[in-house]
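Secondary and tertiary structure notes
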Amino acid sequence: MNLDTLFEASAAACKQAVDGITIRRPDDWHVHLRDGAMLRAVLPFTAGQFARGIIMPNLVPPVTTVAAAAAYRDRILAARPAGSDFEPLMTCYLTDTTSPDEIEKGYSERVWVAAKLYPAGVTTNAHHGVTDIKGLRPVFERMERIGMPVLIHGEATDPAVDVFDREAVFMEQSLLPLLRDHLGLKVVIEHVTTRETLEIVRAHAPRVAGTVTPHHLVINRTSIFQGGLRPHLYCLPVAKREHHRLALREAVTSGDGCFFIGTDTAPHLASAKEAACGCAGVFVGATALQTYVQVFDEEGALDRLEAFASLNGANFYGLPVNNGTIELKRHAASMPSAVSVDDGEIVIFRGGEAIPWSVGEVRR
Ligand code: DOR
Ligand code: ZN
């Protein structure tokens, strides 16, 4: 079946939805799984919802070599729950000293599918990131030649820039010049949070795409301060004003092929978030699909969920779509409020809340 036929068949099937919908198995194109006990605690949630995941490389130390990525992939495969077929798709963490040859080696050996660009210091474990994007010209030229995408955390790092403007400033100062300098480079702008960034994605599609998280579709910046400081809603990029949230909802449900799932599920121990200097990241892996499907339902766009969840990302990466299906039921259910790890816990986004949609049967 070609892609056009797939999209049409998908829309037709979903129009009949009453009690729920069944879609082709989706992928999560932006996941933090961490390592060790944390990996074992969070992986079952992502593997229960998604067939594949693009694994972020911001471990300590970061995943910068082919050998480190292959070893990390093995640890993820070993941590999968019994019977899981979840496929981790690895990424390389770019630094000022990344070599084009190492990049190409990992790509041609199919160890990694993309490279991640963190401007130095922009977020959790990003201090080994890139200080001068122009200095990576040989790396980007090589990636352009071999068709390997770069996944960008698009925020300015200058502490003088207002935290709510960091995405906009990065796009103007760094992203647009990068796109002009490398006309063939495939780029994913990760976790888009503003109306203006959505327009940049659309204007440069199809070689540029954007991921949108579940949480940025349901919270705005005021949510973080609702009735007091809510550290579990703090992530980077930080949620923006309401009109941006509405634009994100419009974009993901528009049917545009340049937008797809990237949950940015980012677990941290509660003790690290409920702190004088709490770290950024929302653990949304356990309630991601429930939240996306609720948003598509509220927007009257259930027939477009499958494209966003299961087709557009694979199309961008040039990978086959998944076989099998997942059932999403219009049936209220709640997830636990937290998951235990070692002697701590990770708070689940919307944990304990009755969410009107739940995940049903997965068919392979
Ligand atoms: O909020 C975030 N948490 N944003 C990121 O970019 C990184 C992530 C993490 O690794 O915790
Ligand atoms: Zn992330």
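One can find the structure itself at the top, above this paragraph.
This section reports on the structure supplied with the text. As the structure is a computational prediction, the values presented were derived from the model and not from experiment.

**Digging into the packing of helix α2 (residues 36-49) against helix α3 (residues 66-79)**
- Running from N to C, α2 and α3 cross one another at 60 degrees; their axes reach a closest spacing of 9 Å. Compared by their axis directions, α2 and α3 come out oblique. Judged by the sense of rotation from one axis to the other, the crossing of α2 with α3 is right-handed. Residues L39, R40 and L43 of α2 lie in contact with α3, whose contacting residues are R75, I76 and A79.
- Residues belonging to the contact of α2 with α3 are distributed by class as follows: four nonpolar, no polar and two charged.

**Here we look at the site of ligand 1**
- What surrounds ligand 1 is a group of 13 residues, the closest being R34, N58, H153, L236 and H268.
- Here an oxygen atom of ligand 1 and a side-chain polar atom of H32 are 3.3 Å apart.
- A280 places a main-chain nitrogen or oxygen 3.1 Å from a nitrogen atom of ligand 1.
- For ligand 1, the protein covers 100% of the area, taking 290 Å² as the surface of the free molecule.
- Mapping ligand 1 onto the cavity grids shows that it belongs to the largest cavity.
- Its residues assigned to classes, the shell around ligand 1 shows four nonpolar, seven polar and two charged.

**Some details on the coordination of the zinc ion (ligand 2)**
- In the first shell of the zinc ion (ligand 2), the protein supplies H30 (NE2), H32 (NE2) and D264 (OD), at 2.0 to 2.1 Å from the metal.
- All donor residues of the zinc ion (ligand 2) come from one chain, and their arrangement in sequence is H-x1-H-x231-D. Taken together, the residues H32 in the loop between β2 (27-31) and α2 and D264 in the loop between β9 (259-261) and α10 (270-273) connect sequence positions 232 residues apart. In terms of burial, H32 and D264 fall into one category: buried.

**Here we look at the pattern of salt bridges**
- The tally for this structure, following the rule as stated, stands at 20 salt bridges.
- In this structure, the salt-bridge partner of K116 is E190, at a minimum N-O distance of 3.9 Å. Taken together, the positions of K116 in strand β5 (residues 112-117) and E190 in the loop between β7 (187-189) and α7 (195-204) put the pair 74 residues apart, joining distant regions of the chain. Judged on exposure class, the residue K116 and its partner E190 are both buried.

The rules behind the values
- Residues numbered from 1 in each chain as written.
- Chains lettered and ligands numbered in written order.
- Predicted model: local features only at pLDDT ≥ 70, side-chain atom pairs only at ≥ 80, totals over all residues.
- Heavy atoms only, no water.
- Axes fitted to C-alpha atoms, helices over the stretch in contact; angles between N-to-C directions.
- Helix = DSSP H or I, 4+ residues; strand = E, 2+ residues; numbered from the N terminus.
- Parallel < 35°, antiparallel > 145°, perpendicular 65-115°, else oblique.
- Left-handed = near helix turned anticlockwise from the far one by under 90°.
- Contact = heavy atoms within 4.5 Å.
- Nonpolar A, V, L, I, M, F, W, Y, C, P; charged D, E, K, R; others polar.
- Near = heavy atom within 4 Å.
- Polar contact = N/O pair within 3.5 Å; in protein donor to acceptor, adjacent residues only side chain to side chain.
- Areas by Shrake-Rupley, 256 points an atom, 1.4 Å probe, with all protein chains shown as cover.
- 1 Å grid on protein atoms, 1.4 Å probe; cavity = no way out; pocket = protein on both sides within 12 Å on 5 of 7 lines; lining within 4 Å.
- Sits in = over half its atoms within 2 Å of the grid points.
- Donors = N, O, S within 2.8 Å, 3.2 Å for Na, K, Ca; no water.
- Buried < 20%, exposed > 50% of the residue type's maximum accessible area, 1.4 Å probe, protein only.
- Salt bridge = Lys/Arg side-chain N within 4 Å of Asp/Glu carboxyl O.

Everything listed here is a matter of geometry and, on its own, says nothing about what the molecule does.
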